[in-house]
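What follows is each chain in one-letter form.
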Amino acid sequence: MPCCGTRLCSSCLITHTITNIRNGKAKIECPACSQDINSSTILYNNELPVSIRERYQELLAQNLADTQNAYIKLCPHCNLITILDENDPKINRKKARRGSSEWITCDQCHKECEC
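**Student:** Residue-level account of the environment of Asn45, with values.
**Tutor:** Structurally, Asn45 is set in the loop between α2 (39–43) and α3 (50–67). In sequence terms Asn45 and Ile14 are 31 residues apart; their C-alpha atoms lie 9.2 Å from each other. Ignoring anything within four residues of it in the chain, the contact list for Asn45 reads Ile14 and Arg53.

Printed below as a string of structure tokens:
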């Protein structure tokens, strides 16, 4: 492990990571020294299934939303995470039949998504 130098087999680290993500943890600790594992290390680990990495991305976004006054939107078309504050001009307010909805246009795929 880069944080403490403990030798850990890849299979054990993958199991540890997957278990934490399935349990809804955004902050995953080293099993040896309890230091937080860098989120980029997890997001770009090709040994983890794509579905697990996508779930981790959602957990990170939700954790950020819980700690800041922000809109977090995972685009349903391309899975890009967009983080906006409530006054961001990218948010378009549209009238729907039952009240108003807030929409953003994804910077990656350029499709509109409801907030």
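Now that the structure is up, let's keep going.
**Student:** Explain the environment of Ile42 to me, using residue names and the numbers behind them.
**Tutor:** Counting through the fold element by element, Ile42 comes out in helix α2. Once the C-alpha coordinates of Ile42 and Arg53 are considered, the two residues, 11 residues apart in sequence, prove to be 7.2 Å apart. If sequence neighbours within four positions are ignored, Ile42 has contacts with Thr17, Ile21, Ile28, Ile37, Leu48, Arg53 and Tyr56.

**Student:** I'd like a description of the pattern of salt bridges, backed by residues and values.
**Tutor:** The full count for this structure, using the stated rule, is one salt bridge. Between Glu58 and Arg55 there is a salt bridge, with its nearest N and O atoms 3.6 Å apart. Highlighted residues: Glu58 and Arg55, both in helix α3, separated by three residues, approximately one helical turn. Given a relative accessible area of 37%, Arg55 falls into the partly exposed group.

**Student:** Can you lay out the nonpolar core for me, pointing to particular residues and giving the numbers?
**Tutor:** Ranked by internal contacts, the top residues of the largest apolar core, which has 13 residues, are Ile21, Ile28, Ile42 and Leu48. Contributing elements (two or more residues each) for this core: α1 (10–22) and α3.

**Student:** Which residues make up the state of the cysteines, and what values go with them?
**Tutor:** Using the criterion set out here, one finds zero disulfides in the structure. Sulfur of Cys3: no disulfide; nearest cysteine sulfur belongs to Cys33 and is 3.5 Å away. Residue classification places Cys3 among the partly exposed positions, given a relative accessible area of 29%.

Procedures and definitions
Residues numbered from 1 in each chain as written. Predicted model: local features only at pLDDT ≥ 70, side-chain atom pairs only at ≥ 80, totals over all residues. Heavy atoms only, no water. Helix = DSSP H or I, 4+ residues; strand = E, 2+ residues; numbered from the N terminus. Contact = heavy atoms within 4.5 Å. Salt bridge = Lys/Arg side-chain N within 4 Å of Asp/Glu carboxyl O. Buried < 20%, exposed > 50% of the residue type's maximum accessible area, 1.4 Å probe, protein only. Core = buried A, V, L, I, M, F, W, Y, C linked by side-chain atoms within 4.5 Å. Disulfide = S-S within 2.5 Å.

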